[in-house]
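# Analysis of the macromolecular model
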Amino acid sequence: FDKRERIKGDIGETQTMELKVRHHPTFSVYMKWKTGDTGRQLLYNDEYDDKQMMVKLGGLKGRILPALKLDPLGCEAQAGARYPVTEAGLAGMVRQMIVHRENDLNHGHGVTCNRLANRTFDERECYCFRYEYSAPEFNTLYRKSIVLMDTRYHVPLQVTSYTWSDNAEGMTPEQLDEMTMIEDYAFRQLDMGAKLVAEDFSRDNPAYRM
């Protein structure tokens, strides 16, 4: 999973992490950072009564300090991310997309959706859709979004979104997009048939050293 986000006005570097998600019998997530805070781990499993996520820092800090237990919806947990871990994975992304599409339908105007030429992403053929809003009143967060949808599984593999700017005068579309990109998420090497077991999402997994 690759993500690049604008947090409090600042665009960060792309972070790449291994991502495992299970939906049954309980919603569970495991992440391990491959770039940025390399080696950092995050584990959330809804089966635990405390409903907390475990975070193990990477590098030397991770070897010295114990894992942190955080409220996934708390300020500290969300300080470096635009969405909580409870929205991780394909299903969470689809839920967010449905919210915006329902708002578009409720407005009935103010947004255009164009299907562009198919693209290849991560060696998968994808449909390409571009959503553009005519004014912030129709979507206060997004000005434009580009969605790449896997033609085989019909799931989003990449979503890149751009916000509004008060200083767009004189800019080319490319310059405006560079200045206003707010989110870029991508799923690579997607394996929807992975056989995940309970230990993959256990705090007691010895490989995680939580």
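Computed from a predicted model, the values in this text were never measured in an experiment. (Residues numbered from 1 in each chain as written. Predicted model: local features only at pLDDT ≥ 70, side-chain atom pairs only at ≥ 80, totals over all residues. Heavy atoms only, no water.)

### Notes on the pairing of strand S5 (residues 41-45)
What counts here: When accessible area is computed with a 1.4 Å probe and restricted to protein chains, residues below 20% of their type maximum are described as buried, those above 50% as exposed, and intermediate ones as partly exposed. Only DSSP runs of H or I with at least four residues qualify as helices, and only runs of E with at least two residues qualify as strands; both kinds are numbered from the N terminus onward. Strands pair, by our definition, only if DSSP identifies at least two bridges between them.
With five of its five residues buried, S5 lies for the most part within the structure. Residues Gln41, Leu43 and Asn45 of S5 are buried on one face, and the alternating residues Leu42 and Tyr44, pointing to the opposite face, are buried as well. Bridging between strand S4 (residues 28-33) and S5 involves five bridges; their strand directions are antiparallel. Its bridge partner lying in S5, serine 28 is registered against asparagine 45. As paired elements, S5 and strand S6 (residues 53-56) share four bridges and run antiparallel to each other. Considered in S6, the bridge of leucine 43 is made with methionine 54.

### So, the pairing of strand S10 (residues 144-150)
The side chains of a regular strand alternate, first on one face of the sheet and then on the other. Of all seven residues making up S10, seven are buried, and the element is well covered by its neighbours. Neither face of S10 is open: one carries Lys144, Ile146, Leu148 and Asp150, the other Ser145, Val147 and Met149, and all of them are buried. In this structure, strand S9 (residues 124-133) lies alongside S10, joined through seven bridges in antiparallel fashion. Following the sheet pairing, tyrosine 127 is matched in S10 by methionine 149. Direction of pairing for S10 relative to strand S11 (residues 156-162): antiparallel, over a ladder of six bridges. Bridging from a neighbouring strand, isoleucine 146 pairs with threonine 160 of S11. Between S10 and S11, which pair antiparallel in sequence order, lie five residues; one of them, histidine 154, sits at a positive phi of approximately 60 degrees.

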